[in-house]
Amino acid sequence: APGEAAGAGALPQPEAAAGSAAVVLPERLQRREAERQQGVERQRQKKEAQVVKEEQSEFFLAAFAREREAVEALLAAGALEEAAARLQALQKLLTGSVRFLAPYEVRQGQEAVARLQGDLGARRQQLQPKKKFAFRALKKEAAPGSAPRPAEPVPLAPAAPGPGLAEGESGGEPLCGFSGAQDAELELGPAELRQRDVLLSELRGCWVRLRGNPNTLRVRDCRGCTVLCGPVSTSVLVDGCSDCLLALACQQLRTHRTRGCRFYVQVTSRAVIEGCSEVSFAPYYWSYPGIEGDFESSGLDRDSNNWNLVDDFDWLATDKPSPNWSLIPEQERITCWD
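An account of the accompanying structure is given in this report. Numbering of residues starts from 1 in each chain and follows the order in which that chain's sequence is written. Per-residue local features of the predicted model are confined to residues with pLDDT of at least 70, and side-chain atom pairs are confined, for both listing and counting, to 80 or more; whole-chain, interface and lining totals are unaffected and use all residues. Only heavy atoms go into the side-chain values, all of them from the structure, while hydrogens and water stay out.

Here we come to the overall build of the chain. Comment: elements are numbered from the N terminus, with helices defined as DSSP H or I runs of at least four residues and strands as E runs of at least two. Tallying secondary structure elements over the chain gives seven helices and 14 strands in all. Relative accessibility under 20% of the residue-type maximum defines a buried residue, over 50% an exposed one, and the middle range a partly exposed one, all with a 1.4 Å probe and only protein chains included. Residues counted as buried form 41% of the 338 residues belonging to the chain. Throughout, a contact is declared for two residues whenever any of their heavy atoms are within 4.5 Å. Intrachain contacts of the chain at a sequence separation of at least 6 include 39% that bridge at least 24 residues. Within the structure as shown, the chain displays about 18,600 Å² of accessible surface, and the carbon and sulfur contribution to it stands at 54%. All accessibility values rest on the Shrake-Rupley procedure with a 1.4 Å probe; residue burial counts only the protein chains present in the view.

Right under this line is the structure:
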């Protein structure tokens, strides 16, 4: 009897172990099933997000194409003020859509806007009163016969801005700016810059102040320069520069073949770099008397600044940051310029 009792007491132990295994096994299955369901849900959300992104992209491309055609038609008809307004709206459409567009779509849009800006400048030049051009032509023709002619083309003088700098630039519009100066302080004011296209080229060790509201700005082949510029209504192109410091406010910033430059920017779209290295970015700090009025006339939104969002067309990896650009540490940023 005692043996039977002991045997009877020993029988439930395997049953209890089996029961414990029976409880553990469903918990594992439940966890696996939950993980599987979570994976399915993530895939579903990812697919839905991709569909939404594609639909947004398709909507943007269709709207952008319509607006581009409208601007082209207005330019052909000579309705330049309306074309300028529609072109600004086109730029804002692109700026507001960059978050869901592919990099190549952003680049195509920026190139289309830049091309239209050049076309607008060219049409403005064509439709200007002939009297202006006759006056300039007479001045140029009279100069060769005059005694002071050899002293006129002084490339280092700050008063040297002139239409001769437009050679090789898209659109053919007359530019103002400086070229070929070295170790000079150069400056243009509001009256000289008002909605004009500005070119700075082949400067060495210069300090340039542009107080006013240009239409576009191109900085080309400059070395060791400081460029401080008021709000630019449309785009800034920096090409082939090195070891420069630039303070720029604009809708669109494109930087090509540039190294070792620091940018202090107010930009409403994402900045684009290509063929660049060792470039760094910080917010735009420069100020001068009258800058608020220049911002107002430029149409730039002071509350929209994507200074820290940069697209590197030479760096396609999405899981690692580009080694070609960085943010300037806050303690190293310039806040006083004069």
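Helix span, as expected, comes to 1.5 Å for every residue beyond the first. Taking 1.5 Å per residue as the helical rise, helix H3 (residues 80-95) with its 16 residues ought to reach 22 Å, and the 22 Å between its terminal C-alpha atoms agrees with that figure. Listing the buried residues of H3 in full gives Leu80, Ala83, Ala84, Leu87, Leu90, Gln91, Leu94 and Thr95. Looking straight down H3, one finds its buried side chains confined to an arc of 135°; they lie on one side. Summarising the geometry of H3, the exposed residues directed more than 90 degrees from the buried face are Glu81 and Lys92. Directions pointing from the helix axis toward each C-beta atom define the arc.

As a further point, take the packing of H3 against helix H4 (residues 103-127). Angles here are taken between N-to-C directions and fall from 0 to 180 degrees, while the axes themselves are lines fitted to C-alpha atoms, restricted in helices to the stretch in contact. Across the interface, H3 lies against H4 with an axial gap of 11 Å and an inter-helix angle of 165°. By the angle between their directions, the pair H3 and H4 is classed as roughly antiparallel. Handedness of the crossing formed by H3 with H4: left-handed. Only Val106, Gly109, Gln110, Val113, Leu116, Gln117, Leu120, Arg123, Arg124 and Leu127 of H4 make contact with H3, whose side of the interface consists of Leu80, Glu81, Ala84, Leu87, Leu90, Gln91 and Leu94. Note on residue categories: nonpolar means Ala, Val, Leu, Ile, Met, Phe, Trp, Tyr, Cys or Pro, charged means Asp, Glu, Lys or Arg, and polar means any other residue, Gly included. Each residue belonging to the contact of H3 with H4 can be placed in one class, and the counts come to ten nonpolar, four polar and three charged. These descriptions rest on fixed angle ranges, namely under 35 degrees for roughly parallel, over 145 for roughly antiparallel, 65 to 115 for roughly perpendicular, and the rest for oblique. Here a crossing is taken to be left-handed if its near helix is turned anticlockwise relative to the far helix by less than a right angle, and right-handed if that turn runs clockwise.

Another point: the nonpolar core. Ranked by size, the top nonpolar core spans 39 residues in total, and within it Leu200, Leu203, Leu217, Leu253 and Phe263 carry the most contacts. Beyond its immediate chain neighbours, meaning those up to four positions away, phenylalanine 263 contacts Val238, Leu246, Leu248, Leu253, Thr255, Val279, Ser280, Phe281, Ala282 and Ile328. What we call a nonpolar core is a set of buried Ala, Val, Leu, Ile, Met, Phe, Trp, Tyr and Cys residues that are connected through their side-chain atoms within 4.5 Å.

Moving on: the state of the cysteines. Throughout, disulfides are identified as pairs of cysteine sulfur atoms within 2.5 Å of each other. Counted under the stated rule, the structure contains zero disulfides. Unpaired in terms of disulfides, cysteine 225 finds its nearest cysteine sulfur in cysteine 244, a separation of 4.8 Å. Accessibility expressed as a relative area gives 1% for cysteine 225, which makes it buried. Just so you know, cysteine 241 is unpaired, no disulfide at all, and the nearest cysteine sulfur is the one on cysteine 222, 4.7 Å from it.

In this section: the pairing of strand E3 (residues 197-201). Of all five residues making up E3, five are buried, and the element is well covered by its neighbours. In short, DSSP must find at least two bridges between two strands for them to pair. The pairing of strand E1 (residues 175-179) with E3 spans five bridges and is classified as parallel. Within E3, the position partnered with leucine 175 by the bridge is aspartate 197. Of the strand pairs in this sheet, E3 and strand E5 (residues 216-220) are connected by five bridges, and their pairing is parallel. Counted as the bridge partner of leucine 199 is arginine 218 from E5.

As for its placement among the helices and strands, serine 269 is situated in the loop between strand E10 (262-267) and strand E11 (271-274). We call two N or O atoms a polar contact when they sit within 3.5 Å, provided that within protein one can donate a hydrogen and the other can accept it, with sequence-adjacent residues counted only if both atoms are side-chain atoms. Side-chain polar atoms of serine 269 contact the backbone oxygen of glutamine 251, separated by 2.7 Å.

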